[in-house]
Each structure stands twice: as C-alpha cells, then as structure tokens.
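Residue strings, one per chain:
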Amino acid sequence: MADDPERWRRRGLGEEDRISELPDALRLQILSLLPLKSAIRTGVLSSRWRDLWAQRWPEPSSVDTSLPSGSGAGAAAARAELLAAIDRRGKRRMDCLSLAFHAGQLTPPDIKRFVEYAAACDVEELRLRLDGGGGRGSRGGTRRPGTLAVHFPVGSKLLARLSLRGLHLTASANAMVATLEVIHFHSVSLTDAALKRVVAACPRLRELELRYCRHLRRIDFTTDGSANLRSLTVVDCSRATELRVPTAPRLRSFRFSGAFLCSNIFVSTTECLEHLYLCSGGPETGLPRTNLPSAVPRLSNLTVLTLCSIALQYVSASAANTVNERSMHSLRELQLLMFGMANSNLADIYSFLKACPCPQLERLFLQVVSYAKCI
C-alpha cells in the first residue's frame with residue numbers, strides 16, 4: 001500500500017480519506033454509534049462504505065415478533081420464549097422492535113418490561129399491536145380498553161417512529177422527545193390532554209395518524225408541537241367534535257374521514273396544503289360548518305383533492321361565492337366519491353368545475369357507490 005501512487009497523489013493534494021482507510025472493524029464501530037438513517041447515508045462516501053451499515057451488529061438489528069392466537073399451553077410457551085429471547089439478546093442497539101399479540105396473552109408487567117427493553121436498546125422504531133377482543137375490537141380496540149397501558153415518553157434516546165394499536169396511552173406533562181418524527185395511533189385509548197401533551201413533546205413531529213381513537217373529543221394542537229407537522233390523518237374518531245390546528249406552516253397533507261366537526265378545522269394552515277381528503281363517511285351524517293370547505297377553492301398549491309358527495313356539496317356552495325382566477329390552478333388529480341347520483345349531485349359537480357378553474361387537471365376519478373369505504 002505504501003507504493004500506491006494514487007494514494008500518494010491524494011495525500012499530496014490533501015485529499016486522503018483516512019477514515020475510509022480504517023479497518024472494517026473500526027468503521028463498523030463508528031456506524032454502530034449513528035442512527036439508522038445516518039448510517040445508511042454513509043454508503044455514498046465510497047465503494048468501501050457501500051452497504052457496510054448492514055453489518056454494523058453481529059446480531060439482528062430488528063426484532064419482529066407475533067404471538068400466535070389462542071390461549072393455553074401454546075400461548076404460555078410463546079410468551080416465555082419471547083421474554084427469554086429478550087434476555088439472550090442483551091441490551092444492544094436496535095433499529096426496530098415490533099410485537100403483535102392477542103388479548104390475554106401478555107400482562108401489564110410484560111408490556112412495561114418490553115417497553116423498558118426498547119428504551120434500553122435505544123430503539124429507533126417501536127411497534128406494539130394488540131389484536132382481538134371481539135365485537136367492535138377489530139376497529140375500536142379490545143373488549144376492555146385501557147387494561148394494557150404504555151406510558152409516554154418511551155425513553156429511547158433515538159426513537160423516531162412510534163406505532164400503537166389497541167392499547168391505553170398515558171403521557172407525562174413537560175416531557176420532551178426531540179427525535180420522534182412519526183406517530184401512528186390505531187384504536188388507542190387516550191385523553192384529549194394526553195394527545196396534546198404527546199404532540200407538544202415532539203418538536204420534530206412530521207406525521208401524525210389517528211384511527212379509531214374513540215375516546216378523543218377535542219383534538220387540539222394549540223402548541224409548538226405542530227410547527228413541523230407535514231401530514232395529519234384522522235379516521236373515525238367518532239366522539240371527536242372539534243379539531244384545532246391554528247398553526248402548522250409546513251402541513252402538506254390532511255386526510256379526514258368521519259362524522260364530525262362542529263368547530264373550525266384550521267385557522268391559518270391551509271395555504272400550503274398539497275393533498276386533501278375529505279369524507280363524511282355516509283349520506284346520513286354530513287359535514288357541519290367549518291372553515292375548511294370554504295377554503296378549498298383558495299388552495300392554490302393543492303395538487304390532489306378527494307371529496308365525498310357531502311363535502312362536495314359544501315365546497316361547491318362556497319366556491320360559487322369565492323371565484324378566483326388562481327383557485328385550484330395547481331390541481332392535477334380530482335377524486336369524487338359519490339354516495340348517490342341524483343340531479344343534486346350532478347349539479348354539485350357542475351358547480352364545482354365551473355367555479356374552480358383547474359387548468360392543470362390531468363386525472364378525474366368518479367366513484368359511485370352506496371357506501372364509500374374510509375381511507
């Protein structure tokens with residue numbers, strides 16, 4: 001290597017890459033100290049770094065476990081093997097920790113132990129999924145919501161993605177999770193105050209998804225936690241009657257499906273929206289008065305718009321009074337989910353297309369069904 005002319009040329013020009021010359025063992029040690037995304041990005045440095053990140057730990061860097069359904073000796077054995085596997089692996093760094101199980105298979109101490117183990121391994125993505133419970137449990141959670149709880153914040157110093165399903169969530173006041181970017185809650189039991197504390201604790205939060213969280217009544221982000229929010233999805237949070245997002249300057253995508261709201265959706269955050277989905281869930285529910293339908297015609301940055309027939313009715317009525325030559329000028333795709341095709345529905349479509357110029361429109365989808373499936 002001492003006779004390598006290329007190496008001496010780089011050294012003479014001050015371009016020698018001494019880090020790349022390190023042995024693989026030392027470079028792997030460096031990679032083990034980096035978050036996953038940063039480790040992957042080192043692959044562009046040179047051919048010696050390409051795909052090296054995948055070898056940074058001798059043990060698997062992700063654990064994905066799903067306990068078989070049922071009870072009895074088989075379920076007890078699966079639970080014992082899961083806890084033993086955690087003990088054998090030790091507290092080494094981990095990219096993703098995922099656990100799916102059924103009602104009655106794990107106890108509250110088991111969940112607490114699992115979450116604490118994730119924190120000890122500085123996990124970057126944590127997924128916990130509780131299935132079962134019968135009846136409305138397939139959507140609304142377990143038969144006895146709140147039996148198994150997760151406390152927020154989890155404690156991992158590198159946590160970037162959190163996904164919970166069918167569990168109860170509590171949250172500390174004045175907590176701070178500087179790394180969390182993505183939160184998905186499905187059939188999670190949490191209070192309005194707990195959700196507000198979670199959002200306030202995550203200054204880097206860019207994606208929030210709430211599905212079937214039927215204990216929520218007021219979704220209120222009147223904090224700095226929504227400053228970096230780029231995507232917000234709310235699906236069938238049936239008890240919620242109010243959604244307030246007064247300031248989210250980076251919000252690009254908003255998707256809503258469900259039968260509410262009696263209060264304004266947004267105050268001053270709609271101008272930069274690019275993707276918008278509004279569906280009231282059925283012909284018998286309708287959208288109450290909000291400021292969003294009236295704002296739709298003025299969303300000059302909108303590129304994809306999806307409206308159900310009820311939302312279209314409100315938007316068309318508003319558009320007739322707010323004609324603007326720049327309205328919808330960026331729209332590329334329009335999807336209309338029609339619950340019926342009576343004369344009034346055809347009139348709404350005509351009124352919308354007449355009042356909202358869409359010179360860039362490339363794709364128009366019209367779905368006529370008796371019931372439009374939620375997103």
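Residues numbered from 1 in each chain as written. Predicted model: local features only at pLDDT ≥ 70, side-chain atom pairs only at ≥ 80, totals over all residues. Heavy atoms only, no water.

- Per an unreviewed UniProt entry, the protein is named F-box domain-containing protein, and its organism is Zizania palustris.

### What about the pattern of salt bridges?
Here is step 1 of the chain: The tally for this structure, following the rule as stated, stands at 19 salt bridges.
Here is step 2 of the chain: The closest approach of N and O atoms between Arg204 and Glu181, which form a salt bridge, is 2.8 Å. With a gap of 23 residues between them, Arg204 in the loop between helix 7 (192-200) and strand 8 (207-211) and Glu181 in the loop between strand 6 (168-171) and strand 7 (182-186) connect regions that are remote in the sequence.
Here is step 3 of the chain: You can call Glu181 buried: its relative accessible area is 9%.
Here is step 4 of the chain: For Glu274, the salt bridge identified is with Arg252, shortest N-O distance 3.8 Å. (Salt bridge = Lys/Arg side-chain N within 4 Å of Asp/Glu carboxyl O. Helix = DSSP H or I, 4+ residues; strand = E, 2+ residues; numbered from the N terminus. Buried < 20%, exposed > 50% of the residue type's maximum accessible area, 1.4 Å probe, protein only.)

### Concerning the pairing of strand 8
Here is step 1 of the chain: Among the five residues of strand 8, four are classified as buried, and the element is accordingly described as predominantly covered.
Here is step 2 of the chain: Where strand 8 meets strand 10 (residues 231-235), five bridges bridge the pair, whose relative direction is parallel. From the neighbouring strand, Leu208 faces strand 10, where its bridge partner is Leu232. (Pairing = 2+ DSSP bridges.)

### Considering the side chain of Asp122
Here is step 1 of the chain: For Asp122, the position within the fold is in the loop between helix 5 (108-120) and strand 3 (125-131).
Here is step 2 of the chain: Although Asp122 lies buried, it forms no salt bridge, and the closest oppositely charged side chain, Lys157, sits 4.0 Å away as judged by the N-O distance.
Here is step 3 of the chain: Filtering out sequence-adjacent residues up to four positions away, Asp122 remains in contact with Arg93, Met94, Ser156, Lys157 and Leu158. (Lys, Arg positive; Asp, Glu negative; His and termini not counted. Contact = heavy atoms within 4.5 Å.)

### Considerations on the environment of Asp64
Here is step 1 of the chain: With respect to the secondary-structure elements, Asp64 resides in strand 1 (residues 62-66).
Here is step 2 of the chain: When its relative accessible area of 60% is taken as the criterion, Asp64 is described as exposed.
Here is step 3 of the chain: As for Asp64 and Leu99, which are separated by 35 residues in sequence, their C-alpha atoms are 6.1 Å apart.
Here is step 4 of the chain: Polar contacts involving the side chain of Asp64 include one to the side chain of Ser98, which spans 3.5 Å. (Polar contact = N/O pair within 3.5 Å; in protein donor to acceptor, adjacent residues only side chain to side chain.)

### Quick notes on helix 5
Here is step 1 of the chain: Between its first and last C-alpha, helix 5 extends 18 Å over 13 residues, near the 18 Å set by a 1.5 Å rise per residue.
Here is step 2 of the chain: Residues of helix 5 that are buried: Asp110, Ile111, Phe114, Val115, Tyr117, Ala118 and Ala119.
Here is step 3 of the chain: Residues of helix 5 that are buried in the fold lie against helix 4 (73-89), strand 2 (96-102), strand 3 and strand 4 (149-152). (Expected span 1.5 Å × (residues − 1).)

### Looking at the pairing of strand 2
Here is step 1 of the chain: Counted residue by residue, strand 2 has six buried out of seven residues, so it is predominantly covered.
Here is step 2 of the chain: Note: strand 1 against strand 2, five bridges, orientation parallel. Residue Ser62 lies in a different strand from strand 2, and its bridge partner there is Cys96.

### Examining the packing of helix 4 against helix 5
Here is step 1 of the chain: Viewed as axis vectors pointing N to C, helix 4 and helix 5 meet at an angle of 25°, and their least axial separation amounts to 12 Å. Our classification of the angle between helix 4 and helix 5 gives roughly parallel. Here the hand of the crossing between helix 4 and helix 5 comes out left-handed. For the pair formed by helix 4 and helix 5, the contact residues are Arg79, Leu82, Leu83, Ile86, Asp87 and Arg89 on the first element and Asp110, Arg113, Phe114 and Tyr117 on the second.
Here is step 2 of the chain: Classifying every residue of the contact of helix 4 with helix 5 gives five nonpolar, no polar and five charged. (Axes fitted to C-alpha atoms, helices over the stretch in contact; angles between N-to-C directions. Parallel < 35°, antiparallel > 145°, perpendicular 65-115°, else oblique. Left-handed = near helix turned anticlockwise from the far one by under 90°. Nonpolar A, V, L, I, M, F, W, Y, C, P; charged D, E, K, R; others polar.)

### Structural notes on the side chain of Ser330
Here is step 1 of the chain: Here Ser330 shows up in the loop between helix 9 (309-319) and strand 15 (333-338).
Here is step 2 of the chain: A distance of 2.8 Å separates a polar side-chain atom of Ser330 from the backbone oxygen of Ser300.
Here is step 3 of the chain: Setting aside chain neighbours within four positions, we find Ser330 in contact with Ser300, Asn301, Leu302 and Thr303.

### Regarding the nonpolar core
Here is step 1 of the chain: Counting 88 residues, the largest nonpolar core has Phe152, Phe185 and Leu305 as the members making the most contacts within it.
Here is step 2 of the chain: Discounting residues that sit within four places of it in the chain, Leu305 has contacts with Leu276, Val296, Met328, Leu331, Glu333, Leu334, Gln335 and Phe352. (Core = buried A, V, L, I, M, F, W, Y, C linked by side-chain atoms within 4.5 Å.)

### Description of helix 4
Here is step 1 of the chain: With 17 residues, helix 4 ought to run about 24 Å at 1.5 Å a step, and its terminal C-alpha atoms sit 24 Å apart, in line with that.
Here is step 2 of the chain: Where helix 4 is concerned, the buried positions are Ala75, Ala78, Leu82, Leu83, Ile86 and Arg89. The arc enclosing the buried residues of helix 4, seen along the axis, measures out at 135°, which places them on a common side. Away from its buried face, by an angle of more than 90 degrees, helix 4 presents the exposed residues Ala73, Asp87 and Arg88.
Here is step 3 of the chain: Packed against the buried residues of helix 4 are strand 1, strand 2 and helix 5.
Here is step 4 of the chain: Count one or two residues on from helix 4 and you reach Gly90, which has phi positive near 80°. (Arc of directions from axis to C-beta.)

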